[in-house]
Amino acid sequence: MTDREPPRRRVPGPARPAERPRAGARAGARPGPGARPRRSPSGPGPRLQGPRTIRLGSPRPRLRLVGVTITLIMAVFVGRLLQIQAVDADSFTTAAQKNRVVVHEIAPERGAVTDRNGVELATSVDAYDITADPSMFGREQTHVKDAPEQAAALLAPILGKDEDEVAAQLRGTGRYALLATRQTPQVWTQIKDLKNAFQEKATKDRPSILAGVFQEPTSKRVYPNGDLAAGILGWVNSEGKGAGGLEAQYETSLAGTPGEVRYAQAGGRQVPTAGGSEHPAVAGTDVRLTLDRDIQWAAQQAITDQVKKSKADRGYVIVQDTRTGEILALANAPGFDPNDLRHADVDALGNPALQDAYEPGSTSKIMSMAAVLEENKATPGTHVTVPGELRRGDRIFHDDIAHGTWHLTLNGVLAKSSNIGTILATGQLGGTQQQANRVLHSYLHKFGIGSPTGLGFPGETSGILAPPDKWNTSQQYTIPFGQGLSINAVQAASVYSTIANGGVRTEPTLVKATKGPDGRWAPTDPAKKTRVVSDRTAKTLATMLESVVDDKEGTGTSARIPGYRVAGKTGTANRVDPKTGLYRGYTASFAGFAPADKPRVTVYCAIQNPTKGGYFGGQICGPIYKSVMEFALKTLQVPPTGAAPARLPTTFEP
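Residues numbered from 1 in each chain as written. Predicted model: local features only at pLDDT ≥ 70, side-chain atom pairs only at ≥ 80, totals over all residues. Heavy atoms only, no water.

- Labelled according to an unreviewed UniProt entry, the protein appears under the name Penicillin-binding transpeptidase domain-containing protein, originating from Streptomyces evansiae.
- Under Sequence similarities (unreviewed entry), UniProt gives the following word-for-word description of the protein: "Belongs to the transpeptidase family."
- Here is the UniProt Subcellular location (unreviewed entry) comment for the protein, exactly as written: "Membrane". (UniProt positions renumbered as here; feature names shortened; annotations may be inferred.)

Spelled out as structure tokens, the structure:
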């Protein structure tokens with residue numbers, strides 16, 4: 001080893017282009033040591049390569065590509081920003097508010113329905129909707145394989161629902177299931193007690209299988225008197241809306257206006273500092289009817305018993321105040337309980353007294369007699385010779401019983417309810433049968449036949465009254481005694497109330513007053529009144545109707561009421577079967593008012609297709625008239641007049 005530094009290693013520098021000869025270098029001088037041999041421009045020998053030059057690519061294309069890409073991305077972001085902040089700003093704001101702001105609807109209290117004395121017929125009580133969160137019944141949450149089935153087995157009997165149906169709801173995929181609506185507080189108390197019992201036994205590893213069952217406060221429609229006046233009241237459906245009768249007719253007024261509570265929330269909790277608002281619900285309007293609960297009960301009880309006894313299809317009773325047109329009772333049989341529609345007969349739903357159209361029979365003869373008297377074509381004492389049969393057109397007409405020639409007065413024609421005598425009497429209304437038809441039609445129309453009653457009740461029928469020029473050969477002789485036209489029961493009662501009211505028809509009414517949110521009762525508009533016949537004609541007809549009940553030859557003796565003068569008329573008509581459109585069975589009816597000389601109450605009864613016992617109106621409807629009329633007169637404290645009845649002759653000596 002020596003102390004001399006080792007020779008330095010020569011590091012080649014960067015490649016350079018071939019250097020030109022330095023100044024002063026001799027031409028042809030030999031290259032020094034280490035110099036690379038140079039290739040002669042000419043001459044043979046191997047070609048020697050100089051050092052290779054590495055060139056960098058130009059960055060401009062790549063910069064352009066990156067710039068374009070960034071520009072496009074920025075354009076997308078800017079466009080989306082413009083869409084959110086300018087074009088769709090309102091919708092996004094609304095969506096944000098919807099997620100942030102919670103709105104709960106406040107259900108209004110439905111208005112009550114009462115009778116004329118304020119007795120509740122329909123009201124609303126506190127109730128609960130039973131709900132569940134299906135996500136809380138999974139195996140991971142309950143650690144029970146069949147939690148939905150176990151919970152359903154407990155809940156179904158309480159809710160009155162099918163166990164499999166409840167289990168299917170609890171197995172749902174959402175967060176909300178409505179198990180039952182409008183349940184009573186007692187139902188929720190039972191469920192709550194079960195929840196508490198399971199909660200006490202629950203552990204961290206085995207939570208309660210009923211933890212996911214909840215309640216939501218609501219209200220339930222209740223009818224305290226069961227089936228009483230159900231045909232008038234109707235019912236409320238599962239959505240809380242009126243679906244029949246007055247509940248549907250007055251839905252807008254009864255329902256009220258919902259309110260709302262609005263507040264901000266975060267994470268499912270209310271933000272106390274974010275403020276909120278509350279708009280209270282406006283309660284529905286209370287409706288006071290013209291009905292009297294007690295008279296309604298008496299009418300409904302009487303018609304129900306008789307329909308069952310007669311094994312009839314159905315029946316109706318109308319009780320009306322003759323002075324005001326107010327309906328005091330409107331009963332149907334069979335009926336239904338609006339508290340429990342699950343067990344109701346579908347055919348019994350509705351209000352047949354207003355919705356059935358049927359041929360009235362002899363109770364309609366009072367209108368024919370009114371036309372004859374008002375047109376001065378006869379008087380109660382006019383003689384009418386009634387043969388045993390009468391040929392008109394291509395038909396032969398008979399009375400309900402076979403007889404020889406009767407010598408009756410016009411009063412006797414009505415008292416004995418002679419079809420033939422009525423045809424002969426109304427034939428005097430014109431010089432020709434066509435003229436007589438037109439006159440009779442005008443009176444039927446003024447009595448309200450073929451027109452709405454004015455009640456505006458859902459499903460109400462106007463009946464059928466063809467124009468007089470459309471009456472066929474049969475109708476122009478059957479319409480005078482109540483066949484060939486159709487009416488509803490309220491129209492029939494209105495005819496007799498018109499006579500009782502001195503010949504002035506007052507449109508029937510069911511609603512007496514309404515009470516708004518201010519607590520004040522507002523009476524309904526006065527009923528429309530129309531003069532049909534003169535007061536003199538009306539009083540004459542009332543006297544003639546007394547003969548039907550009071551005279552031993554009359555057909556309505558079963559309707560007599562001791563101490564009172566009673567006016568009435570029987571009816572027995574061939575009935576058109578609504579299913580076949582053919583005549584089958586009978587319609588039995590009775591109509592009248594009392595006291596006859598100072599009318600206060602009208603009662604009309606009709607029974608469709610009685611199949612057991614008698615079928616004549618005097619037989620099965622006369623007793624109903626009597627019992628309902630007696631009850632109404634006592635309830636309204638109507639005293640007897642004490643006057644002796646007029647005794648009009650029913651026959652004459654030829």
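Focus: the overall build of the protein
Okay, so step 1: If you tally the helices and strands in the protein, you get 20 helices and 24 strands.
Okay, so step 2: In the protein, buried positions account for 43% of the 654 residues.
Okay, so step 3: In the protein, 72% of the contacts between residues at least 6 apart in sequence involve partners at least 24 apart.
Okay, so step 4: For the protein, the computed accessible surface area is about 35700 Å², with 52% contributed by carbon and sulfur atoms. (Helix = DSSP H or I, 4+ residues; strand = E, 2+ residues; numbered from the N terminus. Buried < 20%, exposed > 50% of the residue type's maximum accessible area, 1.4 Å probe, protein only. Contact = heavy atoms within 4.5 Å. Areas by Shrake-Rupley, 256 points an atom, 1.4 Å probe, with all protein chains shown as cover.)

What about the environment of Ile327?
Okay, so step 1: Here Ile327 lies in strand S13 (residues 327-333).
Okay, so step 2: In this structure Ile327 comes out as buried when scored by relative accessible area, which is 0%.
Okay, so step 3: Along the sequence, Ile327 and Val601 sit 274 residues apart, while their C-alpha atoms lie 9.8 Å from each other.
Okay, so step 4: In contact with Ile327, other than residues within four places in its own chain, are Thr290, Leu291, Val319, Gln320, Leu455, Val490, Pro508, Thr509 and Leu510.

Structural notes on the packing of aromatic side chains
Okay, so step 1: Scanning the model with the defined rule gives 8 aromatic pairs in all.
Okay, so step 2: For the ring pair Tyr316 and Tyr358, a centre distance of 5.8 Å and an interplane angle of 25° mean the geometry is stacked. Placement of Tyr316 in strand S12 (residues 314-321) and of Tyr358 in the loop between helix H11 (352-355) and helix H12 (365-374) is noted, with a sequence separation of 42 residues between them. Comparing Tyr316 with Tyr358 shows no difference in burial state: the two are buried.
Okay, so step 3: One aromatic cluster in this structure is built from Phe397, Tyr477 and Phe481.
Okay, so step 4: One residue, Arg288, lies across the ring of Trp521, its end atom 4.2 Å from the ring centre.
Okay, so step 5: Over the ring of Tyr443 we find Lys446, and its NZ or CZ is 4.3 Å from the ring centre. (Phe/Tyr/Trp six-rings, centres within 6.5 Å; stacked < 30°, edge-to-face > 60°. Lys NZ or Arg CZ within 6 Å of the ring centre and 35° of its normal.)

Remarks on the pattern of salt bridges
Okay, so step 1: The final tally for this structure, using the stated rule, is 20 salt bridges.
Okay, so step 2: Notably, a salt bridge pairs Arg600 with Asp321, separated by 3.8 Å at the nearest N-O pair. In this pair, Arg600 is assigned in the loop between strand S23 (583-594) and strand S24 (601-608) and Asp321 in strand S12, connecting sequence segments 279 residues apart. Of the two residues examined, Arg600 and Asp321, each falls in the buried class.
Okay, so step 3: We note a salt bridge from Glu326 to Lys512, for which the minimum N-O separation is 3.0 Å. Taken together, the positions of Glu326 in the loop between S12 and S13 and Lys512 in strand S19 (residues 511-515) put the pair 186 residues apart, joining distant regions of the chain.
Okay, so step 4: Exposure remark for Lys512: the relative accessible area of 31% places this residue in the partly exposed category. (Salt bridge = Lys/Arg side-chain N within 4 Å of Asp/Glu carboxyl O.)

Observations regarding the packing of H12 against helix H18 (residues 535-550)
Okay, so step 1: Between H12 and H18, the shortest axis-to-axis distance is 10 Å and the interhelical angle comes to 135°. The angle between H12 and H18 places the two elements in the oblique class. Crossing of H12 against H18: the hand is right-handed. Contacts between H12 and H18 involve Ile366, Met369, Ala370, Leu373 and Glu374 on the former and, on the latter, Thr537, Thr540, Leu541, Met544 and Leu545.
Okay, so step 2: Of the residues contributing to the contact of H12 with H18, the split by class is 7 nonpolar, 2 polar and 1 charged. (Axes fitted to C-alpha atoms, helices over the stretch in contact; angles between N-to-C directions. Parallel < 35°, antiparallel > 145°, perpendicular 65-115°, else oblique. Left-handed = near helix turned anticlockwise from the far one by under 90°. Nonpolar A, V, L, I, M, F, W, Y, C, P; charged D, E, K, R; others polar.)

Re the side chain of Gln483
Okay, so step 1: Checked against the element boundaries, Gln483 lands in the loop between helix H16 (475-478) and helix H17 (489-500).
Okay, so step 2: Within polar-contact distance, the side chain of Gln483 engages the backbone nitrogen of Asn574 at 2.8 Å.
Okay, so step 3: Residues in contact with Gln483, not counting those within four places in the same chain, are Glu359, Thr478, Ala573, Asn574 and Tyr583. (Polar contact = N/O pair within 3.5 Å; in protein donor to acceptor, adjacent residues only side chain to side chain.)

Description of H18
An α-helix turns once every 3.6 residues. As a result, residues three or four positions apart point the same way.
Okay, so step 1: For H18, spanning 16 residues, the distance from its first C-alpha to its last is 22 Å, which sits close to the expected 22 Å at 1.5 Å a residue.
Okay, so step 2: For H18, the complete set of buried residues consists of Thr537, Ala538, Leu541, Ala542, Thr543, Met544, Leu545, Glu546, Ser547, Val548 and Val549.
Okay, so step 3: Buried residues in H18 make contact with H12, helix H13 (410-415), H17, strand S22 (567-576) and S23. (Expected span 1.5 Å × (residues − 1).)

Considerations on the environment of Gln249
Okay, so step 1: Secondary-structure assignment places Gln249 in helix H8 (residues 245-249).
Okay, so step 2: With 15 residues separating them along the chain, Gln249 and Gly234 place their C-alpha atoms 9.3 Å apart.
Okay, so step 3: Setting aside residues no more than four positions away along its own chain, Gln249 makes contact with Leu455, Gly456, Phe457 and Pro458.

Notes on the nonpolar core
Here is a general trend for soluble globular proteins: nonpolar side chains tend to be buried in one another's company.
Okay, so step 1: Membership of the largest hydrophobic core comes to 83 residues, with the highest contact counts inside it found for Leu289, Ile366 and Tyr604.
Okay, so step 2: Apart from residues no more than four positions distant in its own chain, Tyr604 is found in contact with Tyr316, Val317, Ile318, Tyr358, Thr363, Ala489, Ala492, Ala493, Ser589, Phe590 and Ala591.
Okay, so step 3: Counting 33 residues, the second largest nonpolar core, distinct from the first, contains Ile295, Ala331, Val566 and Ala632. (Core = buried A, V, L, I, M, F, W, Y, C linked by side-chain atoms within 4.5 Å.)

Side note on the packing of helix H4 (residues 147-159) against helix H6 (residues 185-201)
Packed helices, taken two at a time, are described by the angle their axes make and the gap between the axes.
Okay, so step 1: Between H4 and H6, whose axes approach to 10 Å, the crossing angle comes to 160°. For the element pair H4 / H6, the angle class is roughly antiparallel. Classified by chirality, the crossing of H6 by H4 is right-handed. Residues Leu154, Leu155, Ile158 and Leu159 of H4 pack against Val187, Gln190, Ile191, Leu194 and Phe198 of H6.
Okay, so step 2: When its residues are assigned to classes, the contact of H4 with H6 shows 8 nonpolar, 1 polar and no charged.

Considering the sheet that holds S22
Okay, so step 1: One open sheet accounts for 5 strands, arranged S13-S12-S24-S23-S22; its pairing is antiparallel. Both edges of this open sheet fall to S13 and S22, since each of them pairs with a single strand only. Between one strand axis and the next, the sheet turns through 10° on average, direction left out of account.
Okay, so step 2: Note that S12 and S13 share 6 bridges and pair antiparallel. Looking at S13, one finds that Gly315 is bridged to Ala333.
Okay, so step 3: Contacting S12, S13 and S24, helix H10 (residues 293-310) crosses the sheet at an angle of about 25° to S13. (Pairing = 2+ DSSP bridges.)

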